[in-house]
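One-letter residues, chain by chain:
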Amino acid sequence: FVQNGQIDKAGNYFAKAAALDPKNTGKRTSLAMVNMARGDTELAFRDLEAVAAADPGNRADLALIAAHLQRRDFDQALKAIAGLESKQPDNPLTHNLRGTALLGKRDLAGARKSFDKAVALNPTYFPAVANLANLDLGENKPEEARKRFEAMLTKDPKNMQALLALAQMRAKAGGTTQEVAVLIGKAVTANPTEPAPRLALIGLYLGKQEVKSALSAAQEAVAALPERPEILDAAGRAQQAAGDFNQALSTYGKLATLKPDSVLPYLRMAEVEVAAKNKEAALQSLQKALKVQPDSIEAQRGIILLHIDAGRVPEALSVAREVQKQRPK
């Protein structure tokens, strides 16, 4: 029910679960988070604080800290972080969270000190290294930022996040496509079963309109990870950019099989079919998207535009009225 956005129903079930098993802190934390989503923040914070105080684990603490940070209530976040530190003083996460809260209070020196402590506890803890690098960049010290990621890679040479961060920095510094691609390529070689570096490489080439290179990177990605939806999506975009519409449609068809509950494959198919000037097929793809998600505004907008383009104004109005009915405000 949570994943379907039916927060009230989810809350009822979490409440029953918590009542049946009152000592289970996980269920009580879930109930508090649902209450937070329902807008009953006072009750949610009270419950999370009670669970965090009683539970030796950190789930309720993290939920409480995240909620305070989201509300930009940094003083309350720091208070909750102090509670977490009493349980886990040697966890770099604790000090990274304190640094994040201090950043929110514009205490850059205090934030840097907390991030440094996290890295001292674990030199390969990427979130803190990245936060320190961002502070360096904010002080116009790109070399210092780069050295942080390089130092991390001496300890963990295959670290995907650090390799991609270096590639991103090189791109922002005006590096050539080839220079950035070499850095991303190192991340691909070090982590061949991870989709993120492969997606970054395809995205780099597509962004630079180097379609042949994008297509080659996409083919290698699909060969390595044929069942990953995000890889199929990126491959379809590369095929579409190359003008290979039939292959793109085939790829999006595989994506639809893998993700039958997603509208994305049908929206992508419609894009390809419009580019191929097959507007009736595009209309059918968008109608399939609506069967999956009846209130998909992207599909509804596309259908309206196709109806108007074909001079079918009454049909376009009918869809528009359905949009209004679904969204009366």
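Please refer to the structure placed before this passage.
Given the structure is predicted, the values throughout are model-derived calculations rather than measurements. The numbering scheme is per chain: residues are counted from 1 as the chain's sequence reads. In keeping with the predicted nature of the model, local features appear solely for residues at pLDDT of at least 70, side-chain atom pairs appear and are counted solely at 80 or more, and the whole-chain, interface and lining totals rest on all residues. The side-chain numbers reported here are obtained from all heavy atoms of the structure, hydrogens and water having been left aside.

Draft legend 1. Molecular detail of the overall build of the protein. Helix and strand content of the protein: 19 helices and zero strands. When its C-alpha atoms are laid out on the principal axes, the protein stretches across 65 × 55 × 35 Å. Only protein chains enter the accessibility calculation, which uses a 1.4 Å probe; a residue whose area is less than 20% of its type maximum is buried, one above 50% is exposed, and one in between is partly exposed. Within the protein, the proportion of its 329 residues that are buried is 41%. Here a residue-residue contact requires only that any non-hydrogen atoms of the pair lie within 4.5 Å. Considering only contacts within the protein whose residues lie at least 6 apart along the sequence, 41% involve residues at least 24 apart. When the accessible surface of the protein is summed, it comes to about 18100 Å², and 53% of that surface belongs to carbon and sulfur atoms. Here the protein holds 45 positive side-chain charges and 37 negative ones, and the gap between their average locations is 1 Å. Helix and strand assignments come from DSSP, with helices taken as H or I runs of at least 4 residues and strands as E runs of at least 2, each series counted from the N terminus. Using a 1.4 Å probe, accessible areas were evaluated by the Shrake-Rupley method; residue-level cover was limited to the displayed protein chains. Residues scored as charged are limited to Lys and Arg (positive) and Asp and Glu (negative), so that His and the chain ends carry no count. Where a charge lies is defined by one atom per residue type: Lys uses NZ, Arg uses CZ, Asp uses CG and Glu uses CD.

Draft legend 2. Quick peek at the nonpolar core. We call a set of buried residues a nonpolar core when its members are Ala, Val, Leu, Ile, Met, Phe, Trp, Tyr or Cys and they connect through side-chain atoms within 4.5 Å of each other. With 66 residues, the main nonpolar core has L48, I65, L69, F149, I184 and L201 as its most contacted residues. The leading source of residues in this core is helix α10 (residues 160-172), at eight residues. The residues touching L201, leaving out its near neighbours within four places in the chain, are A181, I184 and A217.

Draft legend 3. Seen up close, the packing of aromatic side chains. Note on aromatic pairs: the rings of Phe, Tyr and Trp (six-membered ring only in Trp) are paired at centre separations within 6.5 Å, and the planes decide the class, stacked below 30 degrees, edge-to-face beyond 60, tilted for the rest. Counted under the stated rule, the structure contains one aromatic pair. Whether a charge sits over a ring comes down to the Lys NZ or Arg CZ being within 6 Å of the ring centre and within 35 degrees of the ring normal. Positioned above the aromatic ring of Y13 is the side chain of K16, whose terminal nitrogen or guanidinium carbon lies 5.4 Å from the ring centre.

Draft legend 4. Structural view of the packing of helix α14 (residues 229-241) against helix α15 (residues 245-258). In contact at an axis separation of 8 Å, α14 and α15 are set at 165 degrees when each is read in the N-to-C sense. Here α14 is positioned roughly antiparallel relative to α15, judged by the angle of their axes. Crossing angle aside, the handedness with which α14 passes α15 is left-handed. On the side of α14, the interface is formed by P229, L232, D233, A235, G236, R237, Q239 and Q240, while α15 contributes F245, Q247, A248, T251, Y252, K254, L255 and L258. Classifying every residue of the contact of α14 with α15 by side-chain character gives eight nonpolar, five polar and three charged. Axis definition: a line fit to C-alpha positions, over the contact stretch in the case of helices; interaxial angles, taken between N-to-C directions, run 0 to 180 degrees. Roughly parallel means an angle under 35 degrees; roughly antiparallel means over 145; roughly perpendicular covers 65 to 115; every other angle is labelled oblique. Here a crossing is called left-handed whenever its near helix is offset anticlockwise from the far helix by less than a right angle, and right-handed whenever the offset is clockwise. Gly is placed with the polar residues, together with every amino acid not listed as nonpolar (Ala, Val, Leu, Ile, Met, Phe, Trp, Tyr, Cys and Pro) or charged (Asp, Glu, Lys and Arg).

Draft legend 5. Spotlight on the layout of surface pockets. Its boundaries defined by the atoms lining it, the largest pocket holds a volume of some 330 Å³. In this structure, the largest pocket is lined by 17 residues; those nearest its centre are L137, A165, Q168, M169 and R170. Of all the secondary structure elements, the ones that give two or more residues to the lining of the largest pocket are α8 (126-138), α9 (142-155) and α10. Among the elements that take part in the lining of the largest pocket, α10 stands out by supplying six residues, more than any other. The residue makeup of the lining of the largest pocket, split by class, is eleven nonpolar, two polar and four charged. In this analysis the probe radius is 1.4 Å and the grid spacing 1 Å, with only protein atoms considered; a cavity is a set of points the probe fits into but cannot get out of, a pocket is an open set with protein on both sides within 12 Å along at least five of seven lines, and lining residues have an atom within 4 Å of a point. Grid points are joined across faces, edges and corners, and a volume is the space filled by probe spheres set on the points. Estimated volume of the second largest pocket: approximately 160 Å³. The wall of the second largest pocket is formed by L267, A270, E271, V274, A282, L286, E298, G302 and L306. For the lining of the second largest pocket, the secondary-structure elements that each account for two or more residues are α16 (264-275), α17 (279-292) and α18 (297-309). Top contributing element to the lining of the second largest pocket by residue count: α16, with four residues.

Draft legend 6. Region of the structure containing the environment of L48. Positionally, L48 belongs in helix α3 (residues 41-54). Taking the C-alpha atoms as reference points, L48 and T25, 23 residues apart in sequence, are found 9.5 Å from one another. Contacts of L48, omitting those with residues within four sequence positions, involve T29, A32, M33, M36, A60, A63 and L64.

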